[in-house]
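The chain contents come next:
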Amino acid sequence: MTIVDLENVTFAYGEQPAVRDVSLTVEQGDFLGLVGPNGSGKTTLLHLMLGLHRPDSGSIDLFGEPVDQFDDGERIGYVSQQATSGGGSMPVTVREAVTMGRFAHAGHGRLTDDDHATVDDALETVGITELADRQVNQLSGGQRQRAYIARALASEADLLALDEPTVGVDAESRDAFYQLLESLNEREITIILIEHDIGVVTDRANRIACINTELYHHGDTESFVESDALTEAYGATGQVVHHHH
Ligand code: ADP
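Note that the coordinates shown come from a computational prediction; the quantities given were computed from them, not determined experimentally.

J.: Can you help me understand the site of the ligand in this one?
T.: Around the ligand, the structure places Tyr 13, Ala 18, Pro 37, Asn 38, Gly 39, Ser 40, Gly 41, Lys 42, Thr 43 and Thr 44. Gly 39 is positioned such that a nitrogen or oxygen atom in its backbone is 2.8 Å from an oxygen atom of the ligand. One nitrogen or oxygen atom from the side chain of Lys 42 is found 2.8 Å from an oxygen atom belonging to the ligand. In isolation the ligand exposes 560 Å². Once the protein is present, 51% of that is buried. If one sorts the elements of the shell around the ligand by residue count, helix 1 (residues 42–49) sits on top with three residues. Of the residues assigned to the shell around the ligand, the class counts are three nonpolar, six polar and one charged.

J.: How should the sheet that holds strand 7 (residues 159–163) be read in this particular structure?
T.: The strands making up a sheet are joined through hydrogen bonds of the backbone, oriented either antiparallel or parallel. Pairing is mixed across the open sheet formed by six strands, whose spatial order is 6-7-8-3-9-10. Looking along the sheet, the strands with just one partner apiece sit at the ends: strand 6 (76–79) and strand 10 (214–220). Neighbour-to-neighbour, the strand axes of the sheet open up by a mean angle of 10 degrees, direction not taken into account. Relative to strand 8 (residues 190–194), strand 7 is paired through five bridges, and the arrangement is parallel. Counted as the bridge partner of Asp 163 is Ile 194 from strand 8. Contacting strand 3 (31–35), strand 6, strand 7, strand 8 and strand 9 (207–212), helix 1 crosses the sheet at an angle of about 150 degrees to strand 8.

J.: Would you explain the pattern of salt bridges in this entry?
T.: A side chain of one charge can pair with a side chain of the opposite charge if their charged atoms are brought near each other. Under the criterion given, the structure shown has 10 salt bridges. When the shortest N-O distance is used, the salt bridge between Asp 120 and Arg 95 registers 2.7 Å. Taken as a pair, Asp 120 in helix 3 (residues 113–126) and Arg 95 in helix 2 (residues 94–100) lie far apart in primary sequence, 25 residues in all. Here Glu 156 ties to Arg 102 by a salt bridge, and the two come within 2.9 Å at their closest N and O atoms.

Calculation criteria
Note on numbering: residues in each chain are counted from 1, in written sequence order. The model is predicted, so local features are restricted to residues of pLDDT at least 70 and side-chain atom pairs to those at 80 or more, both for listing and for counting; the totals for chains, interfaces and linings are taken over all residues. Values reported for side chains reflect all heavy atoms of the structure, with hydrogen atoms and water molecules removed beforehand. The near set for a molecule or strand comprises every residue that places at least one heavy atom within 4 Å of it. N or O atoms within 3.5 Å of each other form a polar contact, as long as, within protein, one can give a hydrogen and the other can take it, and as long as residues adjacent in sequence are counted only when both atoms are side-chain atoms. Accessibility throughout is a Shrake-Rupley quantity obtained with a 1.4 Å probe, and a residue counts as covered only by protein chains that appear here. Put simply, DSSP marks the helices as runs of H or I at least four residues long and the strands as runs of E at least two long, and each gets a number from the N terminus on. Charged residues are taken to be Asp, Glu, Lys and Arg, nonpolar residues to be Ala, Val, Leu, Ile, Met, Phe, Trp, Tyr, Cys and Pro, and polar residues to be all remaining types, Gly included. Only strands joined by at least two bridges in the DSSP assignment are considered to pair. Here the axes come from fitting lines to C-alpha atoms, over the contacting stretch only for helices, and the angles between their N-to-C directions go from 0 to 180 degrees. Here a residue-residue contact requires only that any non-hydrogen atoms of the pair lie within 4.5 Å. In what follows, salt bridge is the name for a side-chain nitrogen of Lys or Arg lying within 4 Å of a carboxyl oxygen of Asp or Glu.

Set out below in structure tokens:
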């Protein structure tokens, strides 16, 4: 099943397109790494995929429907760049936040014992069981990402979209976090990951989309590693490739 289908998508905030004529598909079970230099349109492309921007031209389907008609938000877990900071002032515990993700599946807004067990499983899977009674806004950045993912698991999301989820997370937690993503992907959850560390992406992803406004590569990770797409995409802006791992 095709989860995301972009055809000839162009989008500009002002005069200059941030994304130009991009066509690509994300299939169920893919772990797609979205790479490219700073300001190359990665976040914009992800927002287009999720229906947060309307394209100036081209078409976007999400779960087989035109994205502007898609209304089953519980199928998608989105960890934005802002997810690790802020958090607002609404005082909810981790368990409450994750439980909210379960309501879409609860008949008449009533949660059964099974629903509560699903919430417990989600907390356990992401390793935050012991944080269940903490306030979300008291968590560290890395813990908060896990809470977002637990919420997506509780709602049985099929697609996780993550925008540089480990910025500000220490190396050890980062590695554990990417192991978690890999194990979720093994359960057929489709993953789209923006990450500036190319090594992390080529280690974990099975598909790569490399962009710098235009698409330089879209295909499996092996063919990306063997290609010159990365150098070409970075060369277009004179930025240095981040290879540290
Ligand atoms: P990346 O995620 O690869 O760093 P972005 O998608 O954030 O790139 O940005 C792509 C281009 O669009 C950049 O030139 C950026 O300055 C511009 N841009 C991003 N967001 C906005 C916005 N809200 N308004 C105007 N320009 C924007």
